[in-house]
Amino acid sequence: MNFEIHTLYYKNSNPIFFDFHSKIMKKFDVPVQYTNETLNVGVWMDKVMNNSKSDIVGFIDIDCLVTNKNIINKCLSNVKKTKSMIGIAVSANHIFPYTHIYIGPAFCFIDRQTWNKIGKPTFGQLKDKLKNIFKTKYDYSQNVCYQLEKNRIRYKALYPQFFDKVHKEYYLHNYGMYGIGTYYEGGVYHLFESRLNENTKIFEKRCEQILNDTFTTEGMINSRSFE
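The notes below deal with the structure included here. Keep in mind it's a predicted model, so treat the numbers as computed, not measured.

Conventions we followed
Residues numbered from 1 in each chain as written. Predicted model: local features only at pLDDT ≥ 70, side-chain atom pairs only at ≥ 80, totals over all residues. Heavy atoms only, no water. Axes fitted to C-alpha atoms, helices over the stretch in contact; angles between N-to-C directions. Helix = DSSP H or I, 4+ residues; strand = E, 2+ residues; numbered from the N terminus. Parallel < 35°, antiparallel > 145°, perpendicular 65-115°, else oblique. Left-handed = near helix turned anticlockwise from the far one by under 90°. Contact = heavy atoms within 4.5 Å. Nonpolar A, V, L, I, M, F, W, Y, C, P; charged D, E, K, R; others polar. Phe/Tyr/Trp six-rings, centres within 6.5 Å; stacked < 30°, edge-to-face > 60°. Buried < 20%, exposed > 50% of the residue type's maximum accessible area, 1.4 Å probe, protein only. Core = buried A, V, L, I, M, F, W, Y, C linked by side-chain atoms within 4.5 Å. Pairing = 2+ DSSP bridges.

As a further point, take the packing of helix H1 (residues 15-27) against helix H6 (residues 197-211). One can describe the packing of H1 onto H6 by two numbers: an axis separation of 10 Å at closest approach and a directional angle of 20°. One way to sum up the angle between H1 and H6 is to call them roughly parallel. Of the two elements, H1 crosses H6, and the hand of that crossing is left-handed. Of the residues in H6, those touching H1 at Ile16, Phe17, Phe20, Lys23, Ile24 and Lys27 are Thr200, Phe203, Glu204, Cys207, Glu208, Ile210 and Leu211. Residues that form the contact of H1 with H6 fall into these classes: eight nonpolar, one polar and four charged.

So, on to the packing of aromatic side chains. If you walk through the whole model with that rule in mind, you get 13 aromatic pairs. Consider the rings of Trp44 and Phe59, whose centres lie 5.5 Å apart with planes at 70°: the pair is edge-to-face. Separated by 15 residues along the polypeptide, Trp44 in helix H2 (residues 41-51) and Phe59 in strand S3 (residues 56-60) bring together distant segments of the chain. Of the residues examined, Trp44 reaches a relative accessible area of 6% and is grouped as buried. Looking at Phe59, the relative accessible area reads 1%, which means it is buried.

A few words on the nonpolar core. Formed by 67 residues in total, the largest nonpolar core has its most connected members in Phe59, Ile72, Met85, Phe107, Phe109 and Phe123. It is strand S6 (residues 101-111) that provides the largest number of residues to this core, a total of eight residues.

Taken in spatial order, the five strands line up as S4-S12-S11-S8-S13 in an open sheet, and their pairing is antiparallel. At either margin of the open sheet sits one strand with a lone partner, and together these are strand S4 (64-66) and strand S13 (221-222). Where strand S8 (residues 160-165) lies against S13, two bridges are found, and the strand directions are antiparallel. By the bridge assignment for S13, Phe163 is matched with Ile221.

Keep in mind that these numbers describe shape and distance, not what the molecule does.
Here it is in structure tokens:
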């Protein structure tokens, strides 16, 4: 089984994201191919998929981290076994039907041959424009999940367990919520809204904990809370 993992970060992004991301991935021996360009995420993901020769292709956002050494191997093993896709669970709360839970582009691994077989669906968006009025709209990577479902191929979503700060729009249908600084089962931490300086401090704190082996979910908000 061969694989590759890719991370995109923009030219004008805060340098602390690449600095911490690369240190943490190195700490856990995760080989990442970094792309430092300012381009549409969906276009970039499609390009990576089309150029890849690996069995499994992974994507990890620059503001998304692993908190332990095992999570990557578990994801790779799952995709090798299922020939499908695995990643963090999200929901496009701004796109009808609002309730579709799928794998977000911030952390996902997919079997490349399966992606080929289902027609190389785009990882990009389909926005609500007049010319798309009768089409099913989708956010980044959501279309890939729709096509897997259409072909009756199951995929594995890692659900959020805790998060640092509430974002009013981040509902995961009837499961609960996720938010700024979300910890997903198995050991994935995604900041979200990384362009905001107030969230950068949260990211720095969590990165230092991961590097010092002191990361904890204590004090975080429970995703399944009644609140």
